[in-house]
Structures are given as C-alpha cells and as structure tokens.
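This is what each chain is made of:
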Number of protein chains: 2
Amino acid sequence: MSDGSERYVVGVDFGSLSGRAVVVRVADGAEIGSADHEYAHGVLDRVLPDGATQLAPEWALQVPQDYVEVLRFAVPAALAAAGVDPAKVIGIGTDFTACTMVPVKADGTPLNEIPEFAGNPHAFVKLWKHHAAQPQADRINAVAHLRGETWIARYGGLISSEWEFAKGLQILEEAPEVYEAMDKWVEAADWIIWKLSGEYVRNACTAGYKGILQDGQYPSRDFLAELNPRFADFVTDKVEHPIGQLGTKAGCLTDEAAGWTGLPAGIAVAVGNVDAHVTAPAARAIAPGQMVAIMGTSTCHVMNGTSLHEVPGMCGVVDGGITEGLWGYEAGQSGVGDIFGWFVGNCVPAEYEEAAAARGLGIHEYLTELAQRQEVGEHGLVALDWHSGNRSVLVDHELSGVIVGQTLLTRPEDQYRALMEATAFGTRRIIEGFNESGVPVTELIVAGGLLKNAFLMQMYADVTKLPLSTVASSQGPALGSAIHAAVAAGAYANVPDASEAMGHSNKGVYQPNPDVAGAYDALYAEYLLLHDYFGRGLNDVMHRLKARKRAIAEGRRS
Amino acid sequence: MSDGSERYVVGVDFGSLSGRAVVVRVADGAEIGSADHEYAHGVLDRVLPDGATQLAPEWALQVPQDYVEVLRFAVPAALAAAGVDPAKVIGIGTDFTACTMVPVKADGTPLNEIPEFAGNPHAFVKLWKHHAAQPQADRINAVAHLRGETWIARYGGLISSEWEFAKGLQILEEAPEVYEAMDKWVEAADWIIWKLSGEYVRNACTAGYKGILQDGQYPSRDFLAELNPRFADFVTDKVEHPIGQLGTKAGCLTDEAAGWTGLPAGIAVAVGNVDAHVTAPAARAIAPGQMVAIMGTSTCHVMNGTSLHEVPGMCGVVDGGITEGLWGYEAGQSGVGDIFGWFVGNCVPAEYEEAAAARGLGIHEYLTELAQRQEVGEHGLVALDWHSGNRSVLVDHELSGVIVGQTLLTRPEDQYRALMEATAFGTRRIIEGFNESGVPVTELIVAGGLLKNAFLMQMYADVTKLPLSTVASSQGPALGSAIHAAVAAGAYANVPDASEAMGHSNKGVYQPNPDVAGAYDALYAEYLLLHDYFGRGLNDVMHRLKARKRAIAEGRRS
C-alpha cells in the first residue's frame, strides 16, 4: 500500500486543557503523527482574562479563540511530525468536550469577543464542568416531573446542570442582556465545525444527550414558559437548527481554515462529535454490552444497546447517539483524573515530590507505586469521588468530596489510593445501574490518559469484576474523529466498517482477581452506604455547605 | 525580697515528646529559667527501638529511660539558665501525661530494661494515646453495665481504652508472660516520683481518673474475674498501693536523683500529678465553672465543682482529683495539635512551605494567616476531629477523622481551618454536656502550646460563646508542678493559697463576637449531625475500617 497512493485523515480532539491533532492512515488507522496545543487561557475558574472580574465557586469558563489556536498550531505540527503531504489528506473530523457551550451572534462570533461583553462572565464559553446552573437544573427537573414530561426518563430522571437548558436558563436569569444579544446557543463541538466548514450543523449526539432532542422533539414551549416566561422561545430562538448524523459531512474546508491548518481547501469536514462517543469506534467497541470508559480529568461511559431502556441516573439514551441504528447510552463521573490532580497539587508534601524526582518518577507514578504495595483496606479509608459533583446515578453537582477514616498515621499514598478506589466504586455503581435496568455490561474498554496507570486499571477490573480491555491508541478520541472523517470523506460506507478497519483494542489485558475483588466488595459496601447517606437526602450537608459558600462569594462580589 | 533569702522550687512537665523543667520563685511564681529535653525515642508507633519488631496500628509506646534523661539534662540546664543557686531550691514537683503506664518489677525496674523482654512491645511504656486496648475497654464497659456497677457513672458511662484497666487487661491477654513478670502496673506520673524520692506513692488524681478508685474502692474481684478469670487479682497484685493527696510530700530527693539534677539531696518531692490537672492552679482557675483547657497535642479539660454530678461521656469525676475538698471533673479531646501536626506533615505542598519560609513564618502561622482571611463557612467544609479517636462524649478510640465538602478548588488553608474548627466544635460539644448535666461552664481558661495561636483562641471563644482567658505562663504545667512542690515543701498551707500567690492568668482576653458566633452555629449543627451519625452507631464504618486495617496488620506480623 506504500505506492504513494495512501490517503490520510486528520482527527482533532479538543479536551479540557488542550487540543490534540493526529494524522491517521485511512487504510488501517495507523497514527502517523500527532501534536498538542495547550489552551492559552486554560480553564477560567477564579477570574476572567481581564484579571479583575471574579468568578463565583462552581464556575468554569473558556475562551473560544483558544480552540482556533489548536487548528492553527497543532494541525500543522501533526502534519509535519507525520511527514505526510497535506495533499493526501481527504478529510478532517473533530471531537469536543460536552456539554460545552458558546454564546454567539448569527455569524458565529462568540459574545466575549464583542467589546461590551468582554468583562461579562456569561459571554464566555461555559465549559462542561461549569456547575453554577444547579438551581436552574433543579427547577427543570422539578417542573418536568410535575408535568409528567416523558423525555425526562430518557435522561435517567434528571437533567444535568452541565447541559444546554440549565446553562441557557442561567444566562437568561443572571445576565438578560447577554441572553438578548445571543443569537445562537451553540455546542463547542459544532462551533469548531462552523469555523472549519463555514456551516453550522447541529450534531445528533449533543443535540440528543445535551439538548434534550428525543424522537425529533425538544421540550415544549409550555414547559419552557413554566420555567420562566421569558424562556418560552429558547428552543426556537437559540437552539433549534438542522441536525447532522455522526459520520456524515458537515461541509468542506474553507479557504480560511485551510490557511490555518495547512490542509487542502475543500476536503470533507465531518459533523461535530464528542470525545467520549467518538472513542467507541476507535476502540472497536460498538457492540452492545461493550462499555467504553474514557478516563481522563473526568470519565465518560458510552455503550450501544439494541433496544430502549430507561436507566435511573444515566446521562441519557439517544437513538444514533454513538452509532447510527443503535441506542447510545451514556453515563459519567464528573471528576476522576481531576481529583488525582487536585490531590497532588494541594495535598502532597515536598518530601514526596523530592523522593519522586530522585527516582525519576512523576508524582502520580510515585504515589501509585507506594499505594499498590498495600492490601485492600490496609489504609483504613473510604472516600466519595464527588469533588466535582456526581454526574450519573445521583446527577447532582452540589455534592462534594468526602474522606472517612483518617488517623494521625494516614499517609499521602493512603489518601491517594482511597481516592483511586472511590472513582472505581463510582464506575461500579454506574455499571450496576445498567445491569439492573436491562442493559447488561459485559466488558469494560478503557481509553483516555489514565489507562497508562496499570495499577488503576487492575483496580477497575477487580472492583467491577469485568474483563478490562484498553484502546490500542494513545489518542483514542482523535483516532475516533479521524474514523468519522474517513466516513465523511467517503472512504468507508459507514462508521462500523471504518471502525473495523481503523479501530484497535488490546482485548482483556486486565482480568479480575477473585480474591482481591472479594476484599473490594467490603469497601464498596461502605462506599454505597456513604453514597446514599450523603447523596439521597439523608444528610444534605453538602448542599448546605455549598449554599453557604455561594452566599459568601456573592456577598463579596456585590 | 531580693535579699538573698529567696526560695525556689522546680517544676518538671513530662509531655508526649519532651520534658520541660522550670525554676520558679516561691514568693510570687515568677519563672526564672527553663529548659527542654526531647525524648530520644519519641513515640514508638511503628517499630520498637530494635528496629525489627513492628507495631500494629493504634499502638503508642515510650522508653522510660527517656524520662530520666529529662531529669539529667533539663533540670540542670534550667538551673543554669535561671542563674539560681541550687541550694535555694526547696522542692521539686512533676506532672505527666496520663494515663501513661509503666510495667515494672518490685524495685521499679521497667520490664523493657530486662533483656528477655527487650523485644516485647508489652514490656514498654504504654503512652496515653496507645489505643490498641479498645476491645478490652469495650468488654469492661459491657460487663460493668450488665452488672450495674455504680462506679461506671463516675466516668460518664464509659471507661477509656487509654486507662489502667483496659491496658492492663490487654497485656494479660496478649502477653501473659509479661503480665506474669510485672510486679506493679505504675502510672508514669508515680514512676518518676519513685525515681526522684525512692518512694512509690500512688497519686490521688490518676488513681481516681485512670485507676477507677472511687469512694476508696476499686472494681471488685468478681467484676475482674468476669472480664477474665486470670484478671481477678489485678487490683491486689498489680495496682493497689497507698494513695498520696495532691500537694503533699511523697518523700525526699535521693542522693542519686540529686546527682542527676544538681539539686540538694533531701528536699521535698511532691506527690505525682497530671499535666492537665496541675495547670488549674497555675492559671489561678480552681473555682467551680472555670474550665481549664490544656491545648497541646491533645486537649484536657479540667474543672472543679462543689457537688457530684454524672456527666455522660466525661472522662471522670474524682473527689480531690484537682483540688482537695472539691469534685474534680475531667474531659478531653484525644487529638488537637496532633491533628494540625499531622496535616502539615502529610497534606501541605511544597509551595506553601516555600511561601511560609520566604515570609519567615512557620507553616502553622502561614496557614493560620491564610485561613483567618476567610469568612465562616467560606471553605465549604466540615470535619470531625477524631483522627486520634474521641476521648469524651463518645469515648471511642475506634473512631477516626472525616472531612466533608472537598472540591477541586479546596486549598490547604481551607482544610486546615476546617480541622481547627472541628476541634473547637469538639470542645463546644463537651461543654454542652457539662451544662446539660448541672455542672455549668462559665469561663474557658486556655493553657498549653496552642494558646499562642490568637486566631484559634478567638475561634474557640466564638464557637463556645464563652469569654476566654489564657494562662499567663508559657509553661503552665511546669508552673503548676512548682506550685505543688512549694506546698509539699511547706511554703504554703495548701494548693489554693499557693495558687493565689504563684498562679497567673490573662482574664477574658478573647471575647466571643456575636455575629461570628451565630455563623459558627450553622457549621456546628453540621458537625453534630456527623458526630452522631458516625459516632453513635448509625453508620459504624469507622469501626469496620479499623477492624479491617488491624486484621491486615496482624496477618502481616504473623
């Protein structure tokens, strides 16, 4: 096949802190070259770029121009690294964090780029982990249940504060002038395609999972009016737009975007997609029962099913949400790698940093090495993994972290391991919810940055008692985007065919150890007790603590 | 009075990590000179001095020779620092941590100094915070309640695992050969007096609070036999001994001890005493309603009352336990400064250490400075102060620490402040127990190392809503011991007279701020909910976690 007729596609994965471009061979999915580019502004969670405008707790914003910079720097760098003639690239696909929302004018200009709004937090991108719209989400859920809205069951009974409607309602109620000026409320996943192709196409995945589009319908005008009379036309004014199916072509690369990327103008640009969902085909894991866990700062769980079931607390079930023709189920954990990152950034003393450096290890590797010498339960701790809230099962971002069992002899590696375990228990709780609802999970396939931690992977296999496979690519989402680009460009008839040819996984590389799994059962039972105590209203202390914190922060700003 | 006829006394305070000697003027309590000496072996909580014998979790041992070294080094150094002619010293008094127990031969030789026992953990001093006798304490409590033993109410309904009977029963059951070889089971408070004076005198304070001596009686032989038939003669064989009242003379300084200390042989040696109890006269706070809190690694609360009341969960009430003629009440918190120390040792990143150093501050001062900028509740956290168990109210050393409310934005100063608050809430809970039982607390007088933290002191005043005074001496216990030495030497008729002349306090230097106190009420309510949930059997997760940890440690050692 090296006859010079090789064809390539580019996949670009937009994460929480950076974007990554990968050049992939169409024939077999081989990843030829890649490059990263960090967002200059990262996540805004304390102050706007003006350095003056303070943000309240639970806010998380981004700057859209940072995404364009990924196209300008990472794509050319990946092409250069691959040593591939750009003329041989036939398509580009992207995936994004979700639900990450950009408020824009009719021409796609983000509101924060308009001078009068540059100091208004609501004019910025609301990143997926912006959790300040919980009061709005609470009302959406209460009103939906009161009115008996049927769509709520498609989301496990709860709409998240992370999604389009809660975040949109927050803008209306806190910054009506921004809401008024906003012509469209656009997923970043679609906004970047708009920048690449000049076409605004609303992808079926986020429209379904985050935009409450079910059976071709959005929530009704009556429902919206009951939330707030001024919100009645939210769907028609700000959201509704033609839908594009995953793997289809949104448009062709514009001259401007060709200039940014170094790719040929006119090549296929695939419909926008989401990092988690796009990974399933990259891992060749689109069969029912194969749950793909994309484990990074947070974890997304995606799995196809042949029929529709309503799983309490799932994120959603969407027809064609992962693969056309199947019901796509999604669940998630709001914080996983983020929690480990918080811990090493805030809770690990200098002597550990020094010992790690002396050994030539990263701090995560060093703590993992210490933690894995322990037997299950030896640290005497149990933790809840809700530092960034709970996205599935409880669907409540007013929840927060807990650690129980500290003594004067508790060491950093003890707490680190307890936090690892908490995330594994969180995944098990989600899987049990699926199993109990007629959507059995038979295999766990892990993608994302955390799969390089072999101890964590073995822990997940032991805790869930499932065989654990790993995506073979170190850049699963970008490969998945490239697969969609190949289909959009017509190189394959559909995504399953492209997945079969281009996707890769390491099958069953971690198998549950029955002895260890049994010991984890006891700790998991403790996790469940605390999960229900703090998460199901027996003690709403977390809600009260956050309400107090918010009131103080608001008092400070006013 | 500087006519050269001045008389002096020496007080020696034996703490958890070091001993401190102070030379005090008899006339007015002026502290002329002092010196510290650290215990060479510190606290043994992982391994014996042989470097080979591992200790299980919850163990805490010491080496008695370390105490003698304090006499040899700190006393002469204090005399030298004072520039006082040793011939003018008329007496020496001491105070000790309690319940800290030495297993000895009939001549006072500690068993760990006998070669055959040098590698046996049970031959060492069991420090107050040795918490591995909880199973024995549980049985003592269960059997006492079953039999309707009246003395149990004098201890708030619960005997602690820290005390003489639980620790003694642990030796019998885990190391019968040590129990057999042990002629006496001696409070370290009395053992050091034995070393100074050659006389073994059992002081009324520890005999009452830790040795279950009430109305002249110990628990009966029948009761002991029911715990374990081989334990039937524990009182008569190992414990019972003539009692000395506080402030009386145990004997005269031996030639050997004169050689160690540089003091004149033959001067008065006061009956042994306890660090907390001896501080009340040093703070001139022996009136009913004046609660003295000695805040260091742990906190002890002592207060006199005119009549006998039974306070649930108190450590004990002893006739003459603090001051002859009054009922002495005691309560405590097992971990306070220890928790802050654990936190800075295990949970604070390098950048904080560096920032503190750059400012010329200690890490505790730096964290306090950051923490005190916050409003009450701004950190969104609530913690339980049970890292070293709960000594009063719940009296359960199988309990452990909890922190609730962590998010990805939680900073070290947030957690540090939450732990400070937890200890203040723990004190408030104890005070409320006294108030509800007919022993009202009207003033809080703080002694100990933590009183130098003004923010913490203000927090305690705000949380307890009490005026807070501080002991004027920076070495309250040693001054208190010196006061008892002065009485033992006949310089004053009794301890109240000596306290009036030699004790000092700063009255009401911290007053509760009503606004802040109101805000703390809300957090205290959260503390109480968690206190009862985790502490009163609603969720025994802490017990189960410790049982599992212990089983693993035992499996490792066997």
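Above this text you will find the structure in question.
Described in the following lines is the structure provided in the data block.

Rules and cut-offs
- Residues numbered from 1 in each chain as written.
- Chains lettered and ligands numbered in written order.
- Predicted model: local features only at pLDDT ≥ 70, side-chain atom pairs only at ≥ 80, totals over all residues.
- Heavy atoms only, no water.
- Helix = DSSP H or I, 4+ residues; strand = E, 2+ residues; numbered from the N terminus.
- Rg over C-alpha atoms; globule rule 2.2 N^0.38 Å.
- Buried < 20%, exposed > 50% of the residue type's maximum accessible area, 1.4 Å probe, protein only.
- Contact = heavy atoms within 4.5 Å.
- Buried area = accessible area lost by both parts, 1.4 Å probe.
- Salt bridge = Lys/Arg side-chain N within 4 Å of Asp/Glu carboxyl O.
- Polar contact = N/O pair within 3.5 Å; in protein donor to acceptor, adjacent residues only side chain to side chain.
- Pairing = 2+ DSSP bridges.
- Axes fitted to C-alpha atoms, helices over the stretch in contact; angles between N-to-C directions.
- Core = buried A, V, L, I, M, F, W, Y, C linked by side-chain atoms within 4.5 Å.
- Least-squares fit on C-alpha atoms with pLDDT ≥ 70 in both.
- Parallel < 35°, antiparallel > 145°, perpendicular 65-115°, else oblique.
- Nonpolar A, V, L, I, M, F, W, Y, C, P; charged D, E, K, R; others polar.
- Patch = residues over 30% accessible without salt bridge, like charges linked within 9 Å, V, L, I, M, F, W, Y side chains within 5 Å.
- Areas by Shrake-Rupley, 256 points an atom, 1.4 Å probe, with all protein chains shown as cover.
- Lys, Arg positive; Asp, Glu negative; His and termini not counted.
- Charge placed at Lys NZ, Arg CZ, Asp CG, Glu CD.
- Expected span 1.5 Å × (residues − 1).
- Disulfide = S-S within 2.5 Å.

### A word on the overall build of chain A
Turning to step 1, where the next piece is worked out: A count of helical and extended segments in chain A gives 19 helices and 21 strands.
Turning to step 2, where the next piece is worked out: Computed over its C-alpha atoms, the radius of gyration of chain A comes to 23 Å, within 12% of the 24 Å expected for a compact globule of 558 residues.
Turning to step 3, where the next piece is worked out: Projecting the C-alpha coordinates of chain A onto the three principal axes gives extents of approximately 65 × 60 × 50 Å.
Turning to step 4, where the next piece is worked out: Taken over 558 residues, chain A has a buried fraction of 66%.

### Observations regarding the interface of chain B and chain A
By a widely used convention, the size of an interface equals the accessible area lost when the partners come together.
Turning to step 1, where the next piece is worked out: Contact residues are listed per partner, giving 56 residues for chain B and 55 residues for chain A.
Turning to step 2, where the next piece is worked out: Between chain B and chain A the total buried area reaches about 4,900 Å² when both faces are included, carbon and sulfur atoms providing 56% of it.
Turning to step 3, where the next piece is worked out: It is W342, L408 and L545 of chain B that lose the most area in chain B upon contact with chain A, and together they represent 14% of the buried surface on that side.
Turning to step 4, where the next piece is worked out: Counting across the chain B and chain A interface gives two salt bridges.

### Focus on the side chain of H484 of chain A
Residues and elements named next belong to chain A.
Turning to step 1, where the next piece is worked out: Examined against the element boundaries, H484 turns out to sit in helix α16 (residues 476–488).
Turning to step 2, where the next piece is worked out: At a separation of 2.8 Å, a polar atom in the side chain of H484 contacts the main-chain carbonyl oxygen of G480.
Turning to step 3, where the next piece is worked out: Sequence-distant contacts of H484, that is, excluding residues within four places in its chain, are made with L246, G247, A270, N273, V278, P281 and V495.

### A word on the pairing of strand β18 (residues 401–406) of chain A
Turning to step 1, where the next piece is worked out: With six of its six residues buried, β18 of chain A lies for the most part within the structure.
Turning to step 2, where the next piece is worked out: With three bridges joining them, strand β17 (residues 382–384) of chain A and β18 of chain A adopt antiparallel strand pairing. By the bridge assignment, L384 of chain A is partnered in β18 of chain A with V402 of chain A.
Turning to step 3, where the next piece is worked out: Pairing of β18 of chain A with strand β18 (residues 401–406) of chain B, which is carried by five bridges, proceeds in the antiparallel orientation. By the bridge assignment for β18 of chain B, Q406 of chain A is matched with G401 of chain B.

### Here's the deal with the sheet that holds β18 of chain A
Turning to step 1, where the next piece is worked out: In spatial order, the strands read β17(A)-β18(A)-β18(B)-β17(B); together these four strands make up an open sheet with antiparallel pairing. A strand with exactly one partner marks an edge of an open sheet, and here the two such strands are β17 of chain A together with β17 (382–384) of chain B. With strand direction ignored, the average angle separating the axes of adjacent strands in the sheet is 10 degrees.
Turning to step 2, where the next piece is worked out: Relative to the sheet, helix α14 (residues 412–436) of chain B contacts β17 and β18 of chain B, its axis offset from that of β17 of chain B by approximately 55 degrees.

### Considering the nonpolar core
Turning to step 1, where the next piece is worked out: Among the nonpolar cores identified, the biggest contains 185 residues, and V404, F434 and F534 of chain A together with V404, F434 and F534 of chain B are the most heavily contacted of them.
Turning to step 2, where the next piece is worked out: In this structure, F534 of chain A is in contact with L384, W386, L399, V402, N539, V541 and M542 of chain A together with V404, L530 and F534 of chain B, ignoring residues within four places of it in sequence.

### Focus: the relation of the copies chain B and chain A
Turning to step 1, where the next piece is worked out: You can overlay chain B on chain A at an RMSD of 0.0 Å; the transform is a turn of 180 degrees with a shift of 0.0 Å along its axis. Expressed as an axis order, the relation between the two copies is that of a two-fold axis.
Turning to step 2, where the next piece is worked out: When the interface residues of chain B are mapped onto chain A, 98% of them again fall at the interface, so both copies present the same face.

### Overview of the packing of helix α11 (residues 337–346) of chain A against helix α13 (residues 363–371) of chain A
Residues and elements named next belong to chain A.
Turning to step 1, where the next piece is worked out: One can describe the packing of α11 onto α13 by two numbers: an axis separation of 11 Å at closest approach and a directional angle of 95 degrees. In terms of their interaxial angle, α11 and α13 are classed as roughly perpendicular. Contacts between α11 and α13 pair F340, G341, F343 and V344 from the former with I363, H364 and L367 from the latter.
Turning to step 2, where the next piece is worked out: Among the residues making up the contact of α11 with α13, the classes are represented as five nonpolar, two polar and no charged.

### Some points on the sheet that holds strand β21 (residues 505–510) of chain B
Residues and elements named next belong to chain B.
Turning to step 1, where the next piece is worked out: As summarised here, the arrangement of the seven strands in space is β15-β16-β14-β13-β19-β20-β21, forming an open sheet in which the pairing is mixed. The open sheet is flanked by β15 (316–319) and β21, the only strands paired with a single partner. For this sheet, the mean angle separating the axes of adjacent strands, direction not counted, is 25 degrees.
Turning to step 2, where the next piece is worked out: Sheet topology note: the strand β13 (residues 290–295)/strand β19 (residues 443–447) ladder contains five bridges and is parallel. Bridge pairing in β19 places A293 opposite V446.

### Brief notes about the environment of I483 of chain A
Residue and element names in this part refer to chain A.
Turning to step 1, where the next piece is worked out: Along the chain, the position of I483 falls in helix α16.
Turning to step 2, where the next piece is worked out: With 98 residues separating them along the chain, I483 and D385 place their C-alpha atoms 33 Å apart.
Turning to step 3, where the next piece is worked out: Sequence-distant contacts of I483, defined by excluding residues within four places in its chain, comprise P281, A282, V495, A498, S499, M502 and G503.

### Points about the side chain of H122 of chain B
Turning to step 1, where the next piece is worked out: Examined against the element boundaries, H122 of chain B turns out to sit in the loop between β6 (101–104) and β7 (125–126).
Turning to step 2, where the next piece is worked out: Reaching out from H122 of chain B, the side chain makes a polar contact with the side chain of E174 of chain B at a distance of 3.0 Å.

### What about the environment of V26 of chain B?
Residues and elements named next belong to chain B.
Turning to step 1, where the next piece is worked out: Mapped onto the fold, V26 is located in the loop between β2 (18–25) and β3 (31–38).
Turning to step 2, where the next piece is worked out: A C-alpha to C-alpha distance of 23 Å links V26 and V292, two positions 266 residues apart in sequence.
Turning to step 3, where the next piece is worked out: Once you skip the residues sitting within four places of it in the chain, V26 turns out to touch R7, Y8, V9, I90, A491, Y492 and M502.

### Concerning unusual backbone geometry
The phi angle of most residues is negative, glycine excepted, and most peptide bonds adopt the trans form.
Residue and element names in this part refer to chain A.
Turning to step 1, where the next piece is worked out: Between A98 and C99 the backbone carries a cis peptide bond, its omega angle lying at 0 degrees.
Turning to step 2, where the next piece is worked out: Of note, C99 is situated in the loop between β5 (89–96) and β6 (101–104).
Turning to step 3, where the next piece is worked out: Positive phi is not limited to glycine here, since E58 has a value of about 80 degrees.
Turning to step 4, where the next piece is worked out: By the secondary structure assignment, E58 is in the loop between β3 (31–38) and β4 (61–62).
Turning to step 5, where the next piece is worked out: For E58, a relative accessible area of 12% puts it in the buried group.
Turning to step 6, where the next piece is worked out: With phi around 75 degrees, V393 is a residue other than glycine that occupies positive phi space.
Turning to step 7, where the next piece is worked out: You can call V393 buried: its relative accessible area is 14%.

### Considering a negative patch on the surface
Turning to step 1, where the next piece is worked out: A cluster of acidic side chains, namely E351, E353 and E354 of chain A together with E351, E353 and E354 of chain B, defines a negative patch on the protein surface.
Turning to step 2, where the next piece is worked out: When contributions to the negative patch are tallied by element, the ones reaching two or more residues are α12 (350–358) of chain A together with α12 (350–358) of chain B.
Turning to step 3, where the next piece is worked out: Assignment of secondary structure puts E353 of chain A in helix α12.

### Considerations on the environment of R411 of chain A
Residue and element names in this part refer to chain A.
Turning to step 1, where the next piece is worked out: Its location among the elements puts R411 in the loop between β18 and α14 (412–436).
Turning to step 2, where the next piece is worked out: The class of R411 is partly exposed, set by a relative accessible area of 27%.
Turning to step 3, where the next piece is worked out: Sequence separation between R411 and A371 is 40 residues, and the spatial gap between their C-alpha atoms is 9.9 Å.

### A look at the pattern of salt bridges
All names here are of chain A.
Turning to step 1, where the next piece is worked out: Under the definition given, this model contains 52 salt bridges over all chains.
Turning to step 2, where the next piece is worked out: For D183, the salt bridge is made with K105, and the minimal N-O distance between the two is 3.8 Å. Here the residue D183 occupies a position in the loop between α4 (176–181) and β8 (184–187), and K105 occupies one in the loop between β6 and β7 (125–126), the gap between them amounting to 78 residues.
Turning to step 3, where the next piece is worked out: K465 is the salt-bridge partner of D521, the closest N and O atoms lying 2.7 Å from each other.

### Observations regarding helix α16 (residues 476–488) of chain B
Turning to step 1, where the next piece is worked out: Taking 1.5 Å of rise per residue, the 13 residues of α16 of chain B would be expected to cover 18 Å, and the 18 Å separating its terminal C-alpha atoms lies within 8% of that figure.
Turning to step 2, where the next piece is worked out: Most of α16 of chain B is tucked away, with 13 of its 13 residues classed as buried.

### Some remarks on helix α2 (residues 134–147) of chain A
All names here are of chain A.
Turning to step 1, where the next piece is worked out: An ideal rise of 1.5 Å per residue puts 20 Å on 14 residues; α2 measures up with 20 Å between its terminal C-alpha atoms.
Turning to step 2, where the next piece is worked out: If you follow the buried residues of α2, they end up packed against α3 (164–174) and α7 (221–227).
Turning to step 3, where the next piece is worked out: G148 occupies a position one or two residues after α2 and carries a positive phi of about 65 degrees.

### Let's talk about the state of the cysteines
Turning to step 1, where the next piece is worked out: Summed over all chains, the structure comprises zero disulfides over all chains.
Turning to step 2, where the next piece is worked out: Cysteine C315 of chain A shares no disulfide, and the gap to the nearest cysteine sulfur, in C300 of chain A, comes to 7.0 Å.
Turning to step 3, where the next piece is worked out: Of all cysteine sulfurs, the one in C300 of chain B lies closest to C205 of chain B, which takes part in no disulfide; the gap is 9.6 Å.
Turning to step 4, where the next piece is worked out: By relative accessible area, which is 0% here, C205 of chain B ends up buried.

### Considerations on the packing of α14 of chain A against helix α18 (residues 514–535) of chain A
Residue and element names in this part refer to chain A.
Turning to step 1, where the next piece is worked out: The interhelical angle for the contact between α14 and α18, taken along N-to-C directions, is 80 degrees, at an axis separation of 10 Å. With respect to α18, the axis of α14 lies roughly perpendicular. Contact residues: α14 offers R417, E421, A422, F425, G426, R428, R429 and E432, while α18 offers Y520, D521, L523, Y524, Y527, L528 and H531.
Turning to step 2, where the next piece is worked out: Of the residues contributing to the contact of α14 with α18, the split by class is seven nonpolar, two polar and six charged.

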